[in-house]
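An overview of the molecular structure
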Amino acid sequence: MGTEGSRVVVPRNFRLLEELERGEKGIGDGTVSYGMDDADDIYMRSWTGTIIGPHNTVHEGRIYQLKLYCDEDYPDKPPTVRFHTRINMTCINRETGVVEPGLFPMLANWQREYTMEDILTSLKKEMSAPQNRKLNQPPEGNADQRMEQKDLVPRCLIL
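What this report covers is the structure whose coordinates are included nearby. Computed from a prediction, not measured in an experiment: that's the story for all the values here.

Regarding the packing of aromatic side chains
By convention here, two paired aromatic rings are described through the distance between centres and the angle between planes. The tally for this structure, following the rule as stated, stands at four aromatic pairs. Note on Tyr 74 and Trp 110: the rings are 6.1 Å apart at their centroids and 45° apart in plane angle, and the pair reads as tilted. Taken together, the residues span a long stretch of sequence, with Tyr 74 in the loop between strand 3 (63-69) and strand 4 (80-83) and Trp 110 in the loop between helix 2 (105-108) and helix 3 (116-128) at a distance of 36 residues. As far as burial versus exposure is concerned, Tyr 74 and Trp 110 are alike and both buried.

Let's talk about the nonpolar core
Counting 28 residues, the largest nonpolar core has Trp 47, Phe 83 and Leu 123 as the members making the most contacts within it. In terms of residue count, helix 3 provides more of this core than any other element does, five residues in total.

Observations concerning the environment of Pro 78
Examined against the element boundaries, Pro 78 turns out to sit in the loop between strand 3 and strand 4. Sequence spacing of Pro 78 and Trp 110 is 32 residues, and the spatial spacing of their C-alpha atoms is 6.2 Å.

Looking at helix 1 (residues 12-25)
Across its 14 residues, helix 1 extends 20 Å between first and last C-alpha, which sits within 8% of the 20 Å expected from 1.5 Å per residue. For helix 1, the complete set of buried residues consists of Arg 12, Arg 15, Leu 16, Glu 19, Leu 20 and Gly 23. Along the axis of helix 1, the buried positions cluster into a sector of 140°, meaning they face one direction only. Exposed residues pointing more than 90 degrees away from the buried face of helix 1 are listed as Phe 14, Glu 24 and Lys 25. Elements that come into contact with the buried residues of helix 1 comprise strand 1 (32-36), strand 2 (46-52) and helix 3. Downstream of helix 1 by one or two residues, Gly 26 has phi in the positive range, about 95°.

What to know about the pattern of salt bridges
Counted by the stated rule, this structure contains six salt bridges. Its salt-bridge partner being Asp 37, residue Lys 67 comes within 3.3 Å of it at the nearest N-O pair. Here Lys 67, found in strand 3, pairs with Asp 37, found in the loop between strand 1 and strand 2; they are 30 residues apart in sequence, far enough to count as distant. When the shortest N-O distance is used, the salt bridge between Asp 41 and Arg 45 registers 3.5 Å. A relative accessible area of 10% places Asp 41 in the buried class.

What about helix 3?
Two residues of an α-helix separated by three or four positions point the same way, owing to the 3.6 residues in each turn. Under the 1.5 Å per step criterion, the end-to-end length of helix 3 is 19 Å for 13 residues, consistent within 8% with the ideal 18 Å. Turning to helix 3, its buried residues number three or more, namely Met 116, Glu 117, Ile 119, Leu 120, Leu 123, Lys 124, Glu 126 and Met 127. Considering only its buried residues, helix 3 is in contact with helix 1, strand 1, strand 2, strand 3, strand 4 and helix 2.

Topic: unusual backbone geometry
A cis amide bond links Tyr 74 to the next residue, Pro 75, at an omega of 10°. Here Pro 75 lies in the loop between strand 3 and strand 4. You will see that Met 44, though not glycine, has its phi angle at about 55°, which is positive. The topology assignment puts Met 44 in the loop between strand 1 and strand 2. Positive phi is not limited to glycine here, since Asn 56 has a value of about 60°. Here Asn 56 shows up in the loop between strand 2 and strand 3. Assessed through its relative accessible area of 62%, Asn 56 is described here as exposed.

Criteria and thresholds
Residues numbered from 1 in each chain as written. Predicted model: local features only at pLDDT ≥ 70, side-chain atom pairs only at ≥ 80, totals over all residues. Heavy atoms only, no water. Phe/Tyr/Trp six-rings, centres within 6.5 Å; stacked < 30°, edge-to-face > 60°. Helix = DSSP H or I, 4+ residues; strand = E, 2+ residues; numbered from the N terminus. Buried < 20%, exposed > 50% of the residue type's maximum accessible area, 1.4 Å probe, protein only. Core = buried A, V, L, I, M, F, W, Y, C linked by side-chain atoms within 4.5 Å. Expected span 1.5 Å × (residues − 1). Arc of directions from axis to C-beta. Contact = heavy atoms within 4.5 Å. Salt bridge = Lys/Arg side-chain N within 4 Å of Asp/Glu carboxyl O.

Spatial relationships are all this shows, so hold off on functional conclusions.
The structure is reproduced here in structure tokens:
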């Protein structure tokens, strides 16, 4: 009965349930994974992602933790993505770890069909891009350490 060219728009919660199921099954070669950050979050907003750095890059052997936040307008608008693990990449704010939408094409040109899996896979590919593959990386640590270091106050004690 439908007209040609019409498409079904999957409701937000059904879409997120599909993504959760896919994330729990594991993705590809296992170097990218994601799941719910808080199982009690009935709105399914807060997610955690993991990327294992690609071979033949400065990221090789590193494990990167990310937070993805899907607001009420997801998947019509992209989630907020923030690296919890310290990383140096051209599309990431070094102070906050936030993936800058204007510098990361997938977020800048977001389409409803994109998924969190697509974001993580694309970020892993971005790690291998010429502008990122050899960038000096900060010592391994998480965002809490980054913020603690930023708030350090030099003190001098004269005895």
